[in-house]
Amino acid sequence: MGTFILAPLEHFLLGELGWRWTFVLMAGLCWLCTLCGAAMTPVHQPRYQVERSPMPSCLTKCISMVLSEELLSSPALYIFLLICIADCIASMALYIPFTFLPDEATYSGVSLEDASFLIAGMGISSSAGRICSGWVCDRAWCNPVVLTAVMVAAASIPPLLFPWISNYVL
């Protein structure tokens, strides 16, 4: 849904306010989403008692708001954090085409309406891909980490081909 809503909004903001204020407003929106996500708390269902230290530090309280105590004590925490950081960097890189594709398409002679259709097509494809990958990850034979790595690698190929694509056939 974000692609359908944010792409026209960003185009409007870029035209009216310029790139600097558009970046400030988009960063503010991201910060607001981060605050909303931080406000979410899990539903506590008492199953067993976990022994806690009598006086947790401020740092421990902040970390426990984001990560559960079970995850903090897991030996796989460092692998989890490494995958999170790598996925964050890869996800940020995958949004570069959304930013530069309309200008590149219009520079190549594509009308602005068709360039907007490219962004909508990318958004629809992304949404469908996320639904399909979620369905595949629910299967017992699928390893979600391997699927994520393969799909991120596959999604990086089309942006690498952009400089050599000179026409738009649709």
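Along each chain, numbering runs from 1 in the same order as the chain's sequence is written. pLDDT decides what is reported in this predicted model: residues at 70 or higher carry local features, side-chain atom pairs at 80 or more are listed and counted, and totals for whole chains, interfaces and linings draw on all residues regardless. Hydrogen atoms and water are omitted, and side-chain values are computed over all heavy atoms in the structure.

Within the chain, the secondary structure is distributed over nine helices and zero strands. Secondary structure elements follow DSSP: runs of H or I of four or more residues count as helices, runs of E of two or more count as strands, with numbering from the N terminus. Listing every helix and strand of the chain by position from the N terminus yields α-α-α-α-α-α-α-α-α. We call a residue buried when its accessible area falls under 20% of the maximum for its residue type, exposed when it is over 50%, and partly exposed in between, using a 1.4 Å probe and counting protein chains only. Evaluated residue by residue, the chain yields a buried proportion of 9% over its 170 residues. Surface exposure here means Shrake-Rupley accessible area, sampled with a 1.4 Å probe, where a residue is shielded only by the protein chains that are shown. Total accessible area on the chain stands at roughly 14000 Å², and carbon and sulfur atoms take up 71% of it.

Relative to the helices and strands, proline 8 resides in helix 1 (residues 2-17). The class of proline 8 is partly exposed, set by a relative accessible area of 48%. For the pair proline 8 and isoleucine 119, spaced 111 residues apart in sequence, the C-alpha separation works out to 9.7 Å.

At a closest axis distance of 8 Å, the pairing of helix 6 (residues 96-107) and helix 7 (residues 112-137) adopts a crossing angle of 150°. When the interaxial angle is binned, helix 6 and helix 7 end up roughly antiparallel. Relative to helix 7, the crossing made by helix 6 is right-handed. Contacts between helix 6 and helix 7 involve Pro97, Phe98, Leu101, Pro102, Ala105 and Thr106 from the former and Leu112, Ala115, Leu118, Ile119, Met122 and Gly123 from the latter. Following the grouping adopted for this structure description, the nonpolar residues are Ala, Val, Leu, Ile, Met, Phe, Trp, Tyr, Cys and Pro, the charged ones are Asp, Glu, Lys and Arg, and the polar ones are all others, Gly among them. Residues of the contact of helix 6 with helix 7, tallied by class, amount to 10 nonpolar, two polar and no charged. For helices, the fitted axis covers only the stretch in contact; all axes are lines through C-alpha atoms, and the angles between them, taken along N-to-C directions, range from 0 to 180 degrees. Any angle that is under 35 degrees is reported as roughly parallel, and any over 145 degrees as roughly antiparallel; angles of 65 to 115 degrees are reported as roughly perpendicular and all others as oblique. Here a crossing is called left-handed whenever its near helix is offset anticlockwise from the far helix by less than a right angle, and right-handed whenever the offset is clockwise. Only heavy atoms matter for contacts: two residues are in contact if any of them lie within 4.5 Å across the pair.

Our focus in this paragraph is the state of the cysteines. Disulfides are defined as pairs of cysteine sulfur atoms found within 2.5 Å of each other. Applying the stated criterion across every chain yields a total of zero disulfides. Counting only cysteine sulfurs, cysteine 36 is the nearest neighbor of cysteine 33, a cysteine outside any disulfide, at a range of 6.3 Å.

Per-residue confidence from the prediction method is given by pLDDT, with values spanning 0 to 100. Looking at the chain as a whole, the pLDDT averages 78, with 84% of positions reaching at least 70. The secondary structure element of the chain with the lowest average pLDDT is helix 3 (residues 58-66), at 70, and the one with the highest is helix 2 (residues 19-39), at 88.

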